[in-house]
Amino acid sequence: SIGPVGGGAGGMPFGDGVEGSGANVAFLRNTPVEINEAEVPIRITRYCLVPDSGGAGKYRGGSGLMMEFQVFAPDTTVTARNRDRTHFASWGVLGGRAGSNAIFVKNPDSAAPEMLGNSDVIRCQAGDVIRLTGAGGGGYGSPLDRDPQLVLSDVKSGYVSSARAEQDYGVVVRYGELDVEATQSKRDELAAVAAPITHFDFGP
């Protein structure tokens, strides 16, 4: 086993979801890259948290993990389990957004990547690359209620891109700093779009 490749935990009423360790894998330990490469004929090319994978919310969903590796032995069999999140995202609650879907793909950067979905057994040849990406956790509460300083911290930490900070949270980050005036304007704009209809005008 070279896993687990987990998803993020959901946002909570009192804080953000845990990065890369949702409830179903919270009790598992990962294997160091060096041990995997010493014992299995693979080379791990990427192992990281995935930016923008956690669902936006007052409390953000945790980021999913990504593991990418290249196999070297011919007729290699790769098995994977519990990939249902490739089809079903982790939903958000009370205005929180859904996390990103999991992704399971063979030769992702080739001219013909093969999306594996919820496949259990994959046959590979020497040189093939497998990329597994865990789902992001769902957000809790409206993203417009998140403290802009927390969003800025997310951007600086690499959990959220500056583009998604503005798009999802209405927080404008320029040159690594919070633009307070532009943030207020953007949040007002997004709030107006999201405002519920409270009356209907059917005309004369």
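Structure first, text after, so check above.
Residues numbered from 1 in each chain as written. Predicted model: local features only at pLDDT ≥ 70, side-chain atom pairs only at ≥ 80, totals over all residues. Heavy atoms only, no water.

1. Overview of the overall build of the chain
Move 1: Of the regular secondary structure elements, the chain holds four helices and nine strands.
Move 2: Along the chain, helices and strands appear, N-terminal first, in the series α-β-β-β-β-β-β-β-α-α-β-β-α.
Move 3: Taken over the C-alpha atoms alone, the chain extends approximately 70 × 45 × 35 Å along its principal axes.
Move 4: Among the 204 residues that make up the chain, the fraction classed as buried is 41%. (Helix = DSSP H or I, 4+ residues; strand = E, 2+ residues; numbered from the N terminus. Buried < 20%, exposed > 50% of the residue type's maximum accessible area, 1.4 Å probe, protein only.)

2. Regarding the pattern of salt bridges
Move 1: All chains considered together, the criterion is met by 11 salt bridges.
Move 2: For K106, the salt bridge identified is with E114, shortest N-O distance 3.5 Å.
Move 3: D168 is the salt-bridge partner of R164, the closest N and O atoms lying 2.7 Å from each other. With a gap of four residues between them, R164 and D168 both fall in helix 3 (residues 162-169), about one helical turn apart. (Salt bridge = Lys/Arg side-chain N within 4 Å of Asp/Glu carboxyl O.)

3. Things to note about the nonpolar core
Move 1: Residues F69, F104, I122, I130 and L132 are the most contacted members of the largest nonpolar core, which totals 16 residues.
Move 2: Here the element with the most residues in this core is strand 2 (residues 65-71); it accounts for four residues.
Move 3: If you look at the next biggest cluster of nonpolar residues, it comprises 10 residues, including V155, V160, A165 and V173. (Core = buried A, V, L, I, M, F, W, Y, C linked by side-chain atoms within 4.5 Å.)

4. Remarks on unusual backbone geometry
Move 1: Unusually for a residue other than glycine, D75 sits at a positive phi of about 55°.
Move 2: With respect to the secondary-structure elements, D75 resides in the loop between strand 2 and strand 3 (76-79).
Move 3: Take D75: its relative accessible area is 60%, and that puts it in the exposed class.
Move 4: One non-glycine residue with positive phi stands out, namely Y175, at about 55°.
Move 5: Position of Y175 among the secondary structure elements: in the loop between strand 8 (173-174) and strand 9 (177-178).
Move 6: Judged by relative accessible area, Y175 falls into the exposed class, the value being 85%.

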